[in-house]
Each structure stands twice: as structure tokens, then as C-alpha cells.
Amino acid sequence: MISNVYNYYMAEYGSKPYNKHSIHKKSELRDIYNNIVKINKLSPFFDVDVSEASQKRAIDIKENANSLLAITDELSDAESGNMTFKSIAQTSNDSIVKAEYIGENKTFGDSPGFTIEVEQLASPQVNTGKFLSNRARNLFSGKYSFDVNISSITYELQFSVKDEENNLDIQNKLSRLINKSNIGLNAEVISTDDNRSALKLTSNMTGVGEKPVIFTVTDNDTNALSGVVDTLGLDQTTEFPGNAVFKLNGDRKISSSNNFTVDRQFEITLLDVSEKDDAVKVGLKQNLDSLIDSLHELVNSYNSLTTLAREGTGSGSGKLYSDLINTAASYEDVLASNGLSVTEMGLIEIDDEKLKQSSEDGELLDTLSQIGKFKNALQKKAQAITLNPMEYINKAIVSYKNPARPSADPYTTSIYSGMMYNGYC
């Protein structure tokens, strides 16, 4: 039964990407452990429903709560914890420079920025083979092999040529072989109008290192037939790799890749060369549209967890549903005044126009402060759920502990701790 649950977890959540809030310091992990011990000391002995359906539900609750916790962390200022925008990078010309913000959220008005002027993109190495007649065959039948040296690693690739295969068949076969090998090369067959074709090899890597080339192709040392490199021209470098050249705030920089980070806050991708003296401005998007985008993420995550709880059966689901809708009800007036309404089912709907109006009539920071109280309450609730999702699984009390001498029992908050706390690894 447990294998079915692990399969369910891997299918539903195993490929979910982690964000910066999934990485924890030793001190944070220690706090989590201490809180688990505290919960176990104060908790009675339970007879927990460990059916397959119950196990799957515990996973669903934990993962949805973890998503809610992640977005509340995103909307919290790194220093004060106050409500802020989800910091989103923007550029003045996204066809030249693409930017993604990977740092901590910044307080409104505290927006780091810089300029980039792209002089040259980093480029890969390209080997273009000899253009041969498609229907002819320049290789004898037999077993061939050749070596590809890339990043100081040598790969030996082998293939066979059959009697009925022509040059185009052989080139297509080698193209599939190289691409499936995942050795850092992309192969394709290019053709001309006069029925001639060649094999083109392009490195995934870019930039110039210690050597002028990224890869070499040889067949000098092989136990099989040689001659494929010379016959097909696989060693003919037609485009040498190059480094990216750009100016960062006016200072000239060189990078072997078009992807790099700036101040550990922005992940930059260079897409094209900019016009001379026309630098691209990179900064943070901090305006009303950013606030609306952030609130939609928060509300969608809350609604997802609330719907999960409402659709469940048993006292555990009822308790979770009650906790969530009571949290929203406590801030119903504040939310309503800013364009967020709580429905009869406890879900939240956003009136974008009313939200814009309330922010424009007053101040954007006032709107953040008011909604921030609701965000803090959700953050606290999500932390409690992720710490002990088994609280919301059907169970019956067997006996109470001696309050005078509480003891820390084994890991009772999560029977399947590997799945339940994967986000803390």
C-alpha cells in the first residue's frame, strides 16, 4: 500500500520545481525539529486512519499548504516581514535582455537597477560537414566508430552502414545517434536545392575557454572502421565559439555564456545585440499591476487549499475548512474595502477595478498594510499545517498523556516523514 502512495506523490508532486523558500538554514531546520518535539509532547495518543486514501489526502494537504506558505513568504519583506509586492524583474527592452529576479523581496520604493549594453552574444562552436549527394554512398558497408571530445571527456560513438543505405540515410542515422547520446552536441542534417546534404554539429556550450574550440571529432584511434570523419567532414569547424561582450553600468564585461547573474539578485539572459549607446534598463516592477498579480497568486493558493478541505469528508477535513474560512472571515471587512470579497463557501474573489480604485484613492502602501494583516494570518496558518498535516487526518484519541510528565514520542506528526517534509531537504 505504501508504494502506491509514493507513486501517487511522485506523479502529482515529484516534478514540482523548488523555489528559494524551499531552501533552509540549519537553524531553521533545528526550529522545525524542536516544534515537532513540542507538538509530540503535548499531543495525546491517537489511532490514526492510515488507509491509502488518508495517506494521499495528507500529502495533498501538506503540498497545498506548502504552496500557500511559499507565496506568503514571497509577499513578505525580507527584513520587516511586512506585506510587499512579489518582486518581478522588468527590462526596458525584453527583446535584447531578459531578466528574472531571484533575490529577496524589496520594500516598495527600494528598487535596485542597472543598465546593460550588449555588444556581442556568446556563440557556440559549429562544425559543418561536406555536402554530399543524397543518393550516392561514400562509405563502405560495415561497423564504424568515432570519438567526440568535449569538456575534457571523450565519448566513443559506434554505428553500422548497411548495403542499402545512401549518404542521406547515414547522415540522418548519425544525427539521431548524436542527439540521443546527450553529450552536449546538437546534430542536424542540412540540405541544398541540388539534392546534396551535410551533417551540422552545434555545441550546447558557448564561449571560449583555454582552447579555441569546445569539441573535436576524430577517428584516429578506433577498433572499428575509420574514415567517417574525413568522408563526412565532421571535423570541419565553420564557426568558432565566442564570448558575450557587454557593458554593465558602463563597465565592459565578458562572459562565456549568455546567461549569468548580477549581484545574486537578477538572472540575466542576453538575447540580441543592442544599438550603440542604447543601454537596456533592468529593475523591479513595483506598481499597482504588480500588486494585483501578487494578490491573485495569494488568493488562488488560498482557494485551492480551501476547496480541497471543503471537498473532503470526515472531521479532519471539516476542521481544516473551518480554520481557513474563519481566518478569511476575521478580515472580511478589510478585504472587502480593498476589492477582495469572501463568498458564502469561504472562497475569495478579486475585483481588480475596485482594488485599483481603492489604491488610487488612498495610497498603495495603505492597501499593502491592510491586506498584509490577512497575509500574515494565512502565513501563520500555513506554517502550522505544513508542520503537522496529520492534524487534519481522521483519527481517534486513545489516551491522554500525563500533563505533569509530558514525553516526546517518536515522529507521530508524520508517519511518512520522507514525503511529508520533502520541502525542507
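I will try to describe carefully the structure that is included in this document.

Calculation criteria
Residues numbered from 1 in each chain as written. Predicted model: local features only at pLDDT ≥ 70, side-chain atom pairs only at ≥ 80, totals over all residues. Heavy atoms only, no water. Buried < 20%, exposed > 50% of the residue type's maximum accessible area, 1.4 Å probe, protein only. Helix = DSSP H or I, 4+ residues; strand = E, 2+ residues; numbered from the N terminus. Pairing = 2+ DSSP bridges. Polar contact = N/O pair within 3.5 Å; in protein donor to acceptor, adjacent residues only side chain to side chain. Core = buried A, V, L, I, M, F, W, Y, C linked by side-chain atoms within 4.5 Å. Contact = heavy atoms within 4.5 Å. Axes fitted to C-alpha atoms, helices over the stretch in contact; angles between N-to-C directions. Phe/Tyr/Trp six-rings, centres within 6.5 Å; stacked < 30°, edge-to-face > 60°.

Points about the pairing of strand E11 (residues 215-218)
In E11, alternate side chains face the same way, and those of Phe215 and Val217 are buried while those of Thr216 and Thr218 on the opposite face are not. Pairing analysis gives four bridges linking strand E7 (residues 142-150) to E11, with the strands arranged antiparallel. Looking at E11, one finds that Val148 is bridged to Val217.

Focus on the side chain of Ser203
Here Ser203 lies in strand E10 (residues 196-203). A polar contact is formed between the side chain of Ser203 and the backbone nitrogen of Gln125, at a distance of 2.9 Å. Among the polar contacts made by the side chain of Ser203, one reaches the main-chain carbonyl oxygen of Met205 at a distance of 2.8 Å.

Concerning the nonpolar core
The biggest cluster of nonpolar side chains holds 37 residues, and the ones touching the most others in it are Leu68, Leu295, Leu305, Leu320, Leu340 and Ile348. Going through the elements one at a time, helix H3 (52-74), helix H6 (288-311), helix H7 (315-330), strand E18 (340-342), strand E19 (348-350) and helix H10 (364-387) are the ones with two or more residues in this core. Here the element with the most residues in this core is H6; it accounts for nine residues. The residues touching Leu340, leaving out its near neighbours within four places in the chain, are Leu295, Val299, Leu335, Ile348, Glu349, Ile350 and Ile371. Of all hydrophobic cores here, the second largest spans 24 residues; its members include Ile170, Leu185, Val217 and Val229.

Concerning the side chain of Asn134
Counting through the fold element by element, Asn134 comes out in the loop between strand E6 (132-133) and E7. Not counting residues within four places of it along the chain, the set of residues in contact with Asn134 comprises Asn166, Asn167, Leu168, Asn195, Arg196 and Ser197.

Quick notes on the sheet that holds strand E2 (residues 88-91)
Across the sheet, five strands lie side by side as E2-E17-E4-E13-E14; this open sheet has antiparallel pairing. Bordering the open sheet on either side are E2 and strand E14 (251-255), each of which pairs with just one other strand. The average undirected angle you get between the axes of adjacent strands in this sheet is 30 degrees.

Concerning the sheet that holds strand E16 (residues 266-270)
Overall, antiparallel pairing links the three strands, which are arranged E3-E16-E15 in an open sheet. Strands with a single pairing partner mark the edges of an open sheet, and in this sheet they are strand E3 (97-101) and strand E15 (259-262). In this sheet, neighbouring strand axes are inclined to one another by 25 degrees on average, regardless of whether the strands run parallel or antiparallel. Both E15 and E16 contribute to a ladder of four bridges, which runs antiparallel. Bridge pairing in E16 places Phe260 opposite Ile268.

Remarks on the packing of aromatic side chains
Going through the model one piece at a time under the given rule, you end up with seven aromatic pairs. Between the aromatic rings of Phe114 and Phe266, the centroid separation amounts to 5.2 Å while the plane-to-plane angle is 80 degrees, which identifies the pairing as edge-to-face. Of this pair, Phe114 sits in strand E4 (residues 114-120) while Phe266 sits in strand E16, and the two are 152 residues apart along the sequence. Considered together, Phe114 and Phe266 belong to a single accessibility category, that of buried residues. An aromatic cluster is present here, built from Tyr101, Phe114 and Phe266 joined pairwise through their rings.

Considering unusual backbone geometry
In this structure, Asn195 is a non-glycine residue whose phi angle is positive, near 60 degrees. Inspection of the secondary structure puts Asn195 in the loop between strand E9 (185-191) and E10. Its identity is not glycine, yet Arg264 carries a phi of approximately 55 degrees, on the positive side. Considering the arrangement of structural elements, one finds Arg264 in the loop between E15 and E16.

From the geometry alone we can't say anything about function, so treat these as descriptive.
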